Amino acid sequence: RGKAPILWPAVGRNFSRSQRPDPNADACSYDLNGRHYNIPIHGFAREQEWTLVEQGADDTGAYVELRLTDTPRSREQYPFGFDFRLCYRLAGGRLELQHRITAAGENAETMAFSIGNHVTFRTPLMPGSAPSDLLLQTPSRVEFVRDAATLPTGEVRERSYTNPVRLGDVALMPALGLGGYDGDPWVRLIDPAGMSVLVKHRADRYPEEPHIQFNLWGAPTRGFFSPEPWIGLNNSLNSGKGVVRLAPGETWRWWIEISVEVPPARLGSP
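Residues numbered from 1 in each chain as written. Predicted model: local features only at pLDDT ≥ 70, side-chain atom pairs only at ≥ 80, totals over all residues. Heavy atoms only, no water.

### Quick look at the pattern of salt bridges
Oppositely charged side chains are able to pair whenever their charged atoms sit close together. Under the counting rule described, the total for this entry stands at 13 salt bridges. We note a salt bridge from Asp83 to Arg85, for which the minimum N-O separation is 2.8 Å. Here Glu250 and Arg205 are joined by a salt bridge, their closest N and O atoms 3.1 Å apart. Of this pair, Glu250 sits in the loop between β20 (244-246) and β21 (251-261) while Arg205 is found in the loop between β17 (195-203) and β18 (212-219), placing the two residues 45 residues apart along the sequence. Its relative accessible area of 30% is what places Glu250 among the partly exposed residues. (Salt bridge = Lys/Arg side-chain N within 4 Å of Asp/Glu carboxyl O. Helix = DSSP H or I, 4+ residues; strand = E, 2+ residues; numbered from the N terminus. Buried < 20%, exposed > 50% of the residue type's maximum accessible area, 1.4 Å probe, protein only.)

Shown next, in the form of structure tokens:
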């Protein structure tokens, strides 16, 4: 619990007009079609009990498929019917998360959401390394600036780590929202002592810009770093920006892949 939770149907905090923005708020809210809804930070999926659909293992690896569907409780926070399938597959030093979200055919209107994963790694990756000396590489082009309450300001800055930088030289609190990737977004964390970890993701389609594709957060010298795959924006349920939209009966798919590289990968594209 809490190690790599699914962030859905919202990433970050949402503040309706009646709620004062608070960067420490766990209880958030949004307005839709004249109604007010309360929703936790990062949505409710991480707090729900998922149903086991299937699991198995063979010589090629192991997998488990889970399912989350709407309930009367979820509809108090998010007024849509849905079927969310999530399959974890582990094989050959690689973990793949396969997401499939289907809007119920009975929904009266388009269902909008943002999504993310709060994946977190212990730092350093190798015993005895200095956390600040780990290298960060990700070919983003821009940073989406957020204010003190974590809300997007609309300002966009050039920000790329195509050339690796020391993790200790990157400010990660508050979080750094990156986007503008050419091709599938990815982040590599490199421990020069002997290994690296690559996180990448892709979707069958993306929302219109702007939307964050990696949300970098953490305190490496305190032992953790979170290169969070995102598709969305803070406050997206209120602003309508950066959201995936599903018509009734429509399905959307998203894949995250996490792989271990030993020895460390060369400093190029995966």
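### Some thoughts on the pairing of strand β7 (residues 94-103)
Bridge count for strand β6 (residues 82-91) against β7 is ten bridges, and the pairing is antiparallel. When the sheet's bridge partners are listed, Leu90 is paired in β7 with Leu95. Direction of pairing for β7 relative to β21: antiparallel, over a ladder of nine bridges. Opposite Leu95, over in β21, you have Ile258 as the bridge partner. (Pairing = 2+ DSSP bridges.)

### Here's the deal with the pairing of strand β12 (residues 142-146)
Most of β12 is tucked away, with five of its five residues classed as buried. The hairpin formed by β12 and strand β13 (residues 152-158) contains five residues between the paired strands, and Thr150 there has a positive phi angle of roughly 75°.

### Details of the packing of aromatic side chains
Under the counting rule described, the total for this entry stands at 15 aromatic pairs. Note on Trp8 and Phe84: the rings are 5.3 Å apart at their centroids and 75° apart in plane angle, and the pair reads as edge-to-face. Of this pair, Trp8 sits in the loop between β1 (6-7) and β2 (27-32) while Phe84 sits in strand β6, and the two are 76 residues apart along the sequence. Both rings, one in Phe44 and one in Tyr78, keep their centres 6.2 Å apart while their planes meet at 55°; by these two values the pair is tilted. (Phe/Tyr/Trp six-rings, centres within 6.5 Å; stacked < 30°, edge-to-face > 60°.)

### Focus: the side chain of His211
With respect to the helices and strands, the residue His211 is situated in the loop between β17 and β18. Overall, the relative accessible area of 3% leaves His211 in the buried class. When neighbours within four sequence positions are excluded, His211 is seen to be in contact with Phe144, Gly179, Tyr206, Ile231, Gly232, Leu233 and Gly242. (Contact = heavy atoms within 4.5 Å.)

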